[in-house]
Amino acid sequence: MARLELRNVTRRFGDFVAVDDVSLSIESGEFFTLLGPSGCGKTTILRMIAGFDLPDAGQILLDGQDLADTPAEKRPVHTVFQNYALFPHLTVAENIAFPLRMARRPESEQRSMLNEMLEQVHLVDKAAAYPHELSGGQKQRVALARGLVNRPRLLLLDEPLGALDAKLREEMQVDLINLQRDVGITFVFVTHAQVEALALSHRIAVMNAGRVEQLDEPSKLYSAPQNRFVADFIGQINQLEAQVVEAAHGHLRLAVAGLGEIVAPPLAEAKAGDKGVYAIRPEQVRIGIHDEVSELKNHFSGEVKSLLYQGDVTVYRVGLANGAMLEALLPNSASGRAQLFEAGDAVKLGWRHDAGMFLHD
Amino acid sequence: MSGPPFVFLLLFFVAPSVIMVLASFRYPGEFGGLAPLFADTQTLHGLTVETYEFFFSDIIYGYVFLKSIFVALATTLICLLLAYPLALLIARSPKKSRDLMVLLVVLPFASNFLVRVYAWMIILGPQAAFSQAVNGVLALFGMEPVHLLFSPFAVLVGMVYVHLPFMVLPLYTNLEKHDPALLDAAQDLGANVWHRFWRVTFPLSLPGIFSGSALVFIPVLGMFAIPDILGGTGDMLIGNLIKEQFLGTRDWPFGSTLSIMLTVTVLLIVWLTTRLAGRGRHYA
């Protein structure tokens, strides 16, 4: 049985459908992420799981039990809030012990659970400090500890890394993965940051306009997005308007106006005449002036229009014959590919026949 | 401390206090006021501690002080109990209606203070519906009718009525700033309505409670108009006593002594409460 199951959950605010007939199930011990732009309904789902909001239709089941009649304070589900919502009048220890006191656990048990948690999040020496005396990362750890200490069946995390600076965020991501593995509690994480979602999650539900666009493992979402929204939202991707010319068993032949033909991986539901886009990640596009690029199945000539030096990699924006723009990524460390191009250089772009994908409109 | 605030404090607090302290060590003038410091007549002149001896020699003054402190405490407590739910209601109302509600709270200030107190004479008067209703109920249980006006009860009603806004406003200002996410967090972590109030809202509102209480307690302690109008002849508080010394008995030195004792009492109580309050204010 799934730890948490959403069955056809719908939530409307007036005419606006915030959550539109969403069904999904989350397994015990999973690190599950709801990913999407703001207003996609991910936070509304989180609030309904926590009990701050109720679905207009559908069911939310925790270990097979409908939560509809259980108020937020009685649900064995805790939340890490966006801005932590630490109690400013309580010390770190008092903050973390709050759910234990509310659960009326025996005094000795409270103390041992508190101490264990303080050690787990490395806050033993801050136990007597007040929230305003803590750094952002420390506040974050207190919020996590407070959510985990009473061992909820589900921990909800509402963009908890949003308030941290980039470097700290990366550190906290590693901490979060380790912590989740150590405590074994099911995490439901909400974020609009796709990098964060890819790094942390076992599975991700990509949401848009109240619906789940795709639910998959991070690597599948990245390498095999099912539609244009997911392809666009997860990472960077080049898109060329294309039409299917031939849908063969082993490959797909596409026509791109003003450019020519592209050979793409096969797609079961594609047939000749279908319109859509050919999408390919920048790191799959090879860029060069040598013949090795021309030997690839798909190759075109172009001119470097601009480049973005990012330290580890450089992103080249190359204009093609039909006026379309393709981004190609070149790692600056690769010895064989250390050739740097300037804007205005004539270059060749190429990629393997099994790279990229055709996506229907 | 320097600049305008210092000058302000010097002019409006230190200087009058010094004048009062000096006056308390003088002799009263023959027809009120103060006796001259140097005179060649047979009348009393110079400095004396007579008024202080007098104050401590008669238990009646201590009694009036205690009674006044009790009335001030009772008024503060009743104001707090009435104002807290109201302030909470305003603070949790939609932003649009909050301003209107605050306006309603301060609206009584638009009419004269004395007029409002006199209004209570009518409301509590023996012919008024309220008195009739109370005595009607008492009669049902076979009890003697009571006189509501000119009683400690009427004084308390007047004190509470006049000072209620001074409790509501600081409380509202405090409660309005509370982050609603804290209540969500408390609920999420297992706190029911009762615990959410006593463990989150109430402790966070303590600064508001302390400033509201000070704004009610201090003026009530020195108030003389309300006991004069609603308390009748029997109910004398410190304020009345001081007023009596200056305007009735015309004993300025003793009036000054009483005023100093009142100021000292207030400062002592404020000092005590800030010490108590200080323990709960670690947070910004």
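Per-chain numbering applies: the sequence of each chain, read as written, is numbered from 1 onward. All chains are assigned letters beginning at A, and all ligands numbers beginning at 1, according to the order in which they are written. Whole-chain, interface and lining totals are the exception, using all residues; otherwise, since this is a predicted model, local features are given only for residues with pLDDT of at least 70 and side-chain atom pairs are given and counted only at 80 or more. As a rule here, side-chain values come from all non-hydrogen atoms in the structure, and water together with hydrogens is ignored.

### Here's the deal with the overall build of chain A
Thinking step 1. Helix numbers and strand numbers start at the N terminus; a helix is a DSSP run of H or I with at least 4 residues, a strand a run of E with at least 2. For chain A, the count of helices and strands is nine helices and 20 strands.
Thinking step 2. Each of the three principal axes of chain A carries a C-alpha extent, and together these read 75 × 45 × 35 Å.
Thinking step 3. Relative accessibility under 20% of the residue-type maximum defines a buried residue, over 50% an exposed one, and the middle range a partly exposed one, all with a 1.4 Å probe and only protein chains included. Expressed as a percentage of the 361 residues in chain A, the buried residues total 49%.
Thinking step 4. If you take every contact in chain A between residues at least 6 apart in sequence, the share linking residues at least 24 apart comes to 65%.
Thinking step 5. Carbon and sulfur atoms make up 47% of the accessible area of chain A, which totals about 16,500 Å².
Thinking step 6. Charge counting treats Lys and Arg as positive and Asp and Glu as negative, with His and both chain ends excluded. Where a charge sits is defined by one atom per residue type, namely NZ (Lys), CZ (Arg), CG (Asp) or CD (Glu). If the 36 positive side-chain charges of chain A are averaged to one point and the 47 negative ones to another, these points end up 3 Å apart. By definition in these notes, contact holds between two residues if any of their heavy atoms fall within 4.5 Å. Residue burial considers only the protein chains on display, and all accessible areas are found by Shrake-Rupley using a 1.4 Å probe.

### Re the sheet that holds strand 17 (residues 313-320) of chain A
Residue and element names in this part refer to chain A.
Thinking step 1. Strand order across the open sheet formed by five strands is 15-19-16-17-18, with antiparallel pairing between neighbours. Looking at the sheet topology across the chains shown, the edges are occupied by strand 15 (286-288) and strand 18 (325-331). Along the sheet, successive strands turn relative to each other by an average axial angle of 45°, direction set aside.
Thinking step 2. In this structure, strand 17 lies alongside strand 18, joined through seven bridges in antiparallel fashion. Across the sheet, the residue bridging to Y316 is A328, located in strand 18. Whether two strands pair depends on DSSP finding at least two bridges between them. For every element, the axis is a line fit to its C-alpha atoms; helices are fit only across the contacting stretch, and the angle between N-to-C directions ranges from 0 to 180 degrees.

### Quick look at the interface of chain B and chain A
Thinking step 1. Contact residues are listed per partner, giving 20 residues for chain B and 22 residues for chain A.
Thinking step 2. Accessible area that two parts lose when put together, evaluated with a 1.4 Å probe and summed over both, is termed the buried area. Roughly 2,000 Å² of surface becomes buried between chain B and chain A when both sides are summed, with 66% attributable to carbon and sulfur atoms.
Thinking step 3. Salt bridges are defined as contacts in which a side-chain nitrogen from Lys or Arg sits within 4 Å of a carboxyl oxygen from Asp or Glu. Linking chain B with chain A are one salt bridge, by the criterion used here.
Thinking step 4. For R47(A), the salt bridge identified is with D184(B), shortest N-O distance 3.9 Å.
Thinking step 5. Between N or O atoms, a polar contact is any pair within 3.5 Å; within protein, one atom must be a potential hydrogen donor and the other a potential acceptor, and residues adjacent in sequence are included only when both atoms are from side chains. Seen at the junction of chain B and chain A, the total is three residue pairs in polar contact (both at pLDDT 80 or more).
Thinking step 6. Among the elements of the structure, helix 8 (180-188) and helix 9 (193-222) of chain B are those that each provide at least two residues to the side of chain B that touches chain A.
Thinking step 7. At seven residues, the largest contribution of residues to the side of chain B that touches chain A is made by helix 8 of chain B.
Thinking step 8. Any residue outside Ala, Val, Leu, Ile, Met, Phe, Trp, Tyr, Cys, Pro, Asp, Glu, Lys and Arg is labelled polar, Gly included; the first ten of those are nonpolar and the last four are charged. Classifying every residue of the side of chain B that touches chain A by side-chain character gives 11 nonpolar, five polar and four charged.

### Observations concerning the nonpolar core
Proteins that are soluble and globular tend to have nonpolar side chains buried together.
Thinking step 1. Definition of nonpolar core: a set of buried residues of the types Ala, Val, Leu, Ile, Met, Phe, Trp, Tyr and Cys, connected through side-chain atoms within 4.5 Å. Ranked by size, the top nonpolar core spans 54 residues in total, and within it M159(B), L171(B), L221(B), L230(B) and L258(B) carry the most contacts.
Thinking step 2. Take this core: its biggest share by element is 14 residues, from helix 3 (residues 59-91) of chain B.
Thinking step 3. With residues near it in sequence (within four places) discarded, L230(B) still touches V117(B), W120(B), M121(B), L149(B), F150(B), S151(B), A154(B), V155(B) and G158(B).
Thinking step 4. Core analysis: the second largest hydrophobic core is formed by 41 residues, F32(A), A50(A), F81(A) and A205(A) among them.

### Points about helix 4 (residues 95-106) of chain B
Residues and elements named next belong to chain B.
Thinking step 1. One less than the residue count of a helix, multiplied by 1.5 Å, gives the span that helix is expected to have. If you check helix 4, its first and last C-alpha atoms are 18 Å apart, about what 12 residues at 1.5 Å a residue would give, namely 16 Å.
Thinking step 2. All buried positions along helix 4 are accounted for by R98, V102 and V105. Along the long axis of helix 4, the arc covered by the buried residues comes to 55°, so they all point the same way. Helix 4 presents K96, D99, L100 and L104 as exposed residues on the side facing more than 90 degrees away from its buried surface.
Thinking step 3. Here the buried face of helix 4 lies against helix 3 and helix 7 (152-176). Along the arc lie the directions from the helix axis toward the C-beta atoms.

### Notes on the packing of helix 3 of chain B against helix 7 of chain B
Residue and element names in this part refer to chain B.
Thinking step 1. Packing of helix 3 against helix 7 brings their axes to within 7 Å, and their N-to-C directions diverge by 45°. Relative to helix 7, the element helix 3 lies oblique. By crossing handedness, the relation of helix 3 to helix 7 is classed as right-handed.
Thinking step 2. For the contact of helix 3 with helix 7, the per-class residue count stands at 22 nonpolar, three polar and one charged. Roughly parallel here means an angle under 35 degrees, roughly antiparallel means over 145, roughly perpendicular means 65 to 115, and every remaining angle is called oblique. Note on convention: near helix rotated counterclockwise from far helix by under a right angle means a left-handed crossing. Clockwise means right-handed.

### Quick notes on the packing of aromatic side chains
Thinking step 1. Stacked, tilted and edge-to-face are the three classes applied to pairs of Phe, Tyr and Trp rings, where Trp contributes its six-membered ring and a pair requires centres within 6.5 Å; stacked means planes under 30 degrees apart, edge-to-face means over 60, and tilted covers the rest. What the rule picks out here adds up to 25 aromatic pairs over all chains.
Thinking step 2. Measuring from ring centre to ring centre gives 4.6 Å for F87(A) and F98(A), while their planes differ by 45°; the resulting arrangement is tilted. Here F87(A), found in the loop between strand 6 (77-80) and helix 2 (92-102), pairs with F98(A), found in helix 2; they are 11 residues apart in sequence, far enough to count as distant.
Thinking step 3. Among the aromatic residues, ring-to-ring pairing joins F54(B), F55(B), F56(B), Y61(B), F65(B) and F254(B) into one connected group.
Thinking step 4. Above the plane of the ring of F87(A) lies R146(A), whose end atom (NZ or CZ) is 4.8 Å from the centre.
Thinking step 5. Geometrically, a charge over a ring is one whose NZ (Lys) or CZ (Arg) sits within 6 Å of the ring centre while staying within 35 degrees of the ring normal. Across from the ring centre of Y222(A), 3.9 Å away, lies the NZ or CZ of R281(A), which sits over that ring.

### Digging into unusual backbone geometry
Residues and elements named next belong to chain A.
Thinking step 1. Unusually for a residue other than glycine, R104 sits at a positive phi of about 55°.
Thinking step 2. Here R104 is to be found in the loop between helix 2 and helix 3 (107-120).
Thinking step 3. Residue classification places R104 among the exposed positions, given a relative accessible area of 67%.
Thinking step 4. With a phi close to 55°, H122 is a non-glycine residue in the positive phi region.
Thinking step 5. Residue placement: H122 occurs in the loop between helix 3 and helix 4 (136-148).
Thinking step 6. Assessed through its relative accessible area of 60%, H122 is described here as exposed.

From the geometry alone we can't say anything about function, so treat these as descriptive.
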